Amino acid sequence: MTRMLGGQDCLSMESHASSASTPGALPYYVAFSQLLGLTVVATTGAWLGVYRGGIAWESALQFNVHPLCMVIGLVFLQGDALLVYRVFRTEAKRTTKVLHGLLHVFAFIIALVGLVAVFDYHRKKGYADLYSLHSWCGILVFVLFFVQWLVGFSFFLFPGASFSLRSRYRPQHVFFGAAIFLLSVGTALLGLKEALLFELGAKYSAFEPEGVLANVLGLLLAAFGAVVLYILTRADWKRPLQAEEQALSMDFKTLTEGDSPGSQ
């Protein structure tokens, strides 16, 4: 009889998780974030193509690889990686973890290409490196992003980490993930402003078409960051615990707080 009740409780938990797994407004906000993100990438490409001559590696256009790769990698793909746990709410936890990690890998590789492009371009032109606020923030974001991925892999994908260790580190991982994403958006805005001042100079204040397009791009970047952050911070949109996760969480609470059935 107890076993039957336990099974019914598990079924009840699972049905409750699946009913709570699709909040009505969430798909619309996620779709809006993707529309914004794709528009950001397209607008970046249009800005570079129309006003900066396009993209090439072995030419003066090599610099243009940098902003496009950074926007795709550290803004769009990183934002999507953070949303994985909101979108794939009922899939197996390990599958969602792998997708979350892979998106970060793709973001890192693309961002690395962009970083190499700008350093190589500066070397060929004889320009100084790492003197601006944008470059300092960019290096900080890149290093933090890499360290966050390594630590996250060690704790959540590598089989050696214990459940208690993961539970203690998870809040820090979530916080730093969102913080690094916001720093990435802010650094992109700094770089955009820096590029406009270098290219347009005093003409920037004359409402040059390039300046207007770049300002629109900046607003789109800020809007994408804000929508992603809003989705992440809605407590009722968090991924519901699956049955096995609930059992592990209860066991961890019992071990750490002494909240055992016999103690009540």
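Residues numbered from 1 in each chain as written. Predicted model: local features only at pLDDT ≥ 70, side-chain atom pairs only at ≥ 80, totals over all residues. Heavy atoms only, no water.

Within an unreviewed UniProt entry, the label attached to the protein chain reads Transmembrane ascorbate-dependent reductase CYB561 isoform X1, and the organism entered is Camelus bactrianus.

## A few points about the environment of W57
Tracing the backbone through its elements, the reader meets W57 in the loop between α2 (26-51) and α3 (65-87). Expressed as a C-alpha distance, the spacing of W57 and D120, which sit 63 residues apart in the sequence, is 9.6 Å. Setting aside residues up to four positions removed in sequence, W57 forms contacts with Q62, V65, V113, V116, A117, D120 and K124. (Helix = DSSP H or I, 4+ residues; strand = E, 2+ residues; numbered from the N terminus. Contact = heavy atoms within 4.5 Å.)

## Points about the nonpolar core
In this structure, F224 and I231 are the most contacted members of the largest nonpolar core, which totals 44 residues. Elements with a minimum of two residues in this core: α2, α3, α4 (93-125), α5 (133-157), α6 (163-200) and α7 (209-233). For this core, the element with the highest residue contribution is α3, accounting for 11 residues. (Core = buried A, V, L, I, M, F, W, Y, C linked by side-chain atoms within 4.5 Å. Buried < 20%, exposed > 50% of the residue type's maximum accessible area, 1.4 Å probe, protein only.)

## Some points on the layout of surface pockets
What the second largest pocket holds in volume is close to 920 Å³. Around the second largest pocket, the lining is made up of 41 residues, and of these F63, H66, V118, H134 and E194 lie nearest the centre. Looking at the lining of the second largest pocket, the elements that each hand over two or more residues are α2, α3, α4, α5, α6 and α7. Here the lining of the second largest pocket gets 9 residues from one element, more than from any other, and that element is α6. Grouping the amino acids of the lining of the second largest pocket by side-chain chemistry returns 26 nonpolar, 11 polar and 4 charged. (1 Å grid on protein atoms, 1.4 Å probe; cavity = no way out; pocket = protein on both sides within 12 Å on 5 of 7 lines; lining within 4 Å. Points joined across faces, edges and corners; volume = space filled by probe spheres on them. Nonpolar A, V, L, I, M, F, W, Y, C, P; charged D, E, K, R; others polar.)

## A short note on the side chain of S135
Topologically, S135 is positioned in helix α5. Among the polar contacts made by the side chain of S135, one reaches the main-chain amide nitrogen of Y131 at a distance of 3.4 Å. Here the side chain of S135 touches S132 through a polar contact of 2.7 Å, landing on its backbone oxygen. (Polar contact = N/O pair within 3.5 Å; in protein donor to acceptor, adjacent residues only side chain to side chain.)

## Some points on the packing of aromatic side chains
In the structure shown here, the tally under the stated rule is 14 aromatic pairs. For the ring pair Y29 and Y230, a centre distance of 5.2 Å and an interplane angle of 35° mean the geometry is tilted. With Y29 in helix α2 and Y230 in helix α7, the pair connects residues that are 201 residues apart, well separated along the chain. Under the relative-accessibility criterion, Y29 is labelled partly exposed at 32%. Between the aromatic rings of Y230 and W237, the centroid separation amounts to 5.8 Å while the plane-to-plane angle is 90°, which identifies the pairing as edge-to-face. Residue class for Y230 comes out partly exposed when judged on its relative accessible area of 34%. Residue classification places W237 among the buried residues on the basis of a relative accessible area of 2%. Members of the aromatic cluster, connected to one another through ring pairs, are Y29, Y230 and W237. Sitting over the face of the ring of W237, R234 holds its NZ or CZ atom 4.2 Å from the ring centroid. (Phe/Tyr/Trp six-rings, centres within 6.5 Å; stacked < 30°, edge-to-face > 60°. Lys NZ or Arg CZ within 6 Å of the ring centre and 35° of its normal.)

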